[in-house]
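What follows is each chain in one-letter form.
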Amino acid sequence: MQRSEAHASHGGRQEVWQHDSSALGCSMRYAVYLPPQAQHQACPVLYWLSGLTCSEQNFITKAGAQRYAAEHGLILVVPDTSPRGADVADADGYDLGQGAGFYLNATREPWAKHYRMYDYVVEELPALVDAHFPTTSARGISGHSMGGHGALTIALKNPGRYRSVSAFSPIVAPSQVPWGEKAFAAYLGEDREAWREWDATELIAQARERLPLLIDQGEADEFLSTQLKPERLRAACEKAGHPLQLRLRPGYDHSYYFIASFIGEHIAHHAAALRG
């Protein structure tokens, strides 16, 4: 690993690291915030997954999360949203290709060679983080939009791995909305049955643990009725008896102004589970 950034922040350090990923077959960057407590003890880890067009920079520069992570003694780990590089497949537009990995394992070419963000987030990155930083075994996961989709599906597919999960404005039913349909058709092919494995509303019915879901959604979000459709997740959770706290926030949109307004509450939610 090579460290490319290091900044003092709220008594801790915000760092950015680069490494060669075996899961993705390219060089990757990820951010780590080390709270002041990490100087003398191991700390729980909260993974944050960002949305379309983002990199690790959006969250660490706009969310204001370091203040709350320092207060609660949580390490924050923020990966990029896709594989990157000149030899990595890409597409026109913002919602497919680089910057739009959708946190799944692609099975169709030309995407399958590099687009294995699920394996990266679930296996490779935690192993790397645990080997190089003072972490405990307690992990939580959160994210925004495409990253909210990633956080929900990863938590649901890996019972026992995460103690907490939350999301801002998640794509809860990607197999039923334009963003997800475009990405899933490219990455997974046209068999919609295969898409169910990466759709939170489908996974709820077969979930083997009842990890409570915390979701904040802005009611002024321009994508609310076309891409996000939180009512579908609510219906799936009610049918399955899965605990869900869905908070609709009047006046808030899809931006980091929204995330920064409530990130403190989300980090407190995770800290209660991770330090409990």
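Here, every reference points to the structure presented above.
Since this is a predicted model, take the numbers as computed values, not measurements.

Visitor: Which parts of the structure should I look at to understand the packing of helix α2 (residues 65-72) against helix α10 (residues 256-274)?
Guide: Contact geometry for α2 and α10: axes closest at 9 Å, N-to-C directions at 30°. Accordingly, the angle class assigned to the pair α2 and α10 is roughly parallel. Note that α2 runs across α10; the crossing there is right-handed. The residues of α10 that touch α2, namely those facing Ala65, Tyr68, Ala69 and His72, are Ile263, Gly264, Ile267, Ala268 and Ala271. Across the contact of α2 with α10, the residue classes tally to seven nonpolar, two polar and no charged.

Visitor: Got a minute to help me understand the sheet that holds strand β5 (residues 75-79) in this structure?
Guide: Either a parallel or an antiparallel arrangement is found when strands of a sheet pair, and the pairing is made through backbone hydrogen bonds. Read across the sheet, nine strands follow the order β1-β2-β3-β5-β4-β6-β7-β8-β9 without closing on themselves; strand pairing throughout is mixed. Bordering the open sheet on either side are β1 (2-9) and β9 (244-249), each of which pairs with just one other strand. With strand direction ignored, the average angle separating the axes of adjacent strands in the sheet is 20°. Inspection of the sheet shows strand β4 (residues 43-49) paired to β5 by three bridges, in the parallel sense. Bridge pairing in β5 places tyrosine 47 opposite valine 77. Here α10 sits on the sheet in contact with β4, β6 (135-143), β7 (164-168), β8 (213-218) and β9, set at roughly 175° to β7.

Visitor: What should I look at first to understand unusual backbone geometry in this one?
Guide: The general pattern is negative phi for most residues beyond glycine and trans for most peptide bonds. In this structure, the amide linkage connecting glutamate 109 to the following residue, proline 110, adopts the cis form with an omega of 5°. Summarising the element assignment, proline 110 is placed in the loop between β5 and α3 (117-132). With phi around 45°, serine 169 is a residue other than glycine that occupies positive phi space. Mapped onto the fold, serine 169 is located in the loop between β7 and α5 (178-188). Here the phi dihedral of lysine 229 falls at roughly 50°; this positive angle occurs in a residue that is not glycine. Along the chain, lysine 229 falls in the loop between α8 (224-228) and α9 (230-240). The exposure class of lysine 229 is buried, given its relative accessible area of 13%.

Visitor: Whenever I open this one, the pattern of salt bridges confuses me. Can you help?
Guide: Where charged atoms from two side chains of opposite charge approach closely, those side chains can pair. Within the structure shown, the criterion is met by 16 salt bridges. For glutamate 202, the salt bridge goes to arginine 196, with nearest N and O atoms at 3.2 Å. Among the residues examined, arginine 196 registers a relative accessible area of 38% and is labelled partly exposed. Several salt bridges share partner residues, and in doing so they unite Asp216, Arg247, Arg249 and Glu265 into one network.

Cut-off values and rules
Sequence order sets the numbering: in each chain, residues are counted from 1 along the sequence as written. This being a predicted model, a pLDDT of at least 70 is required before a residue's local features are given, and a value of 80 or more before pairs of side-chain atoms are given or counted; all residues contribute to the totals for chains, interfaces and linings. Side-chain metrics rest on all non-hydrogen atoms present in the structure, leaving aside hydrogens and water. Axis lines are fitted to C-alpha atoms, over the contacting stretch for helices. Their N-to-C directions set the angle, which ranges from 0 to 180 degrees. Starting at the N terminus, helices and strands are each numbered in turn, a helix being any DSSP run of H or I of at least four residues and a strand any DSSP run of E of at least two. Each angle gets one of four labels, with under 35 degrees taken as roughly parallel, over 145 as roughly antiparallel, 65 to 115 as roughly perpendicular, and the rest as oblique. Crossings are assigned a handedness: left-handed for a near helix turned anticlockwise from the far helix by less than a right angle, right-handed for a clockwise turn. Note on definitions: a residue-residue contact is assigned when non-hydrogen atoms from the two residues lie within 4.5 Å. For this classification, Asp, Glu, Lys and Arg are treated as charged, while Ala, Val, Leu, Ile, Met, Phe, Trp, Tyr, Cys and Pro are nonpolar and the rest, including Gly, are polar. One bridge is not enough; two strands pair if DSSP finds at least two bridges between them. Using a 1.4 Å probe on the protein chains alone, a residue whose accessible area is under 20% of its type maximum counts as buried, one over 50% counts as exposed, and one in between counts as partly exposed. Salt bridge, as applied in this entry: a Lys or Arg side-chain nitrogen positioned within 4 Å of an Asp or Glu carboxyl oxygen.

In short, geometric facts, not functional conclusions.
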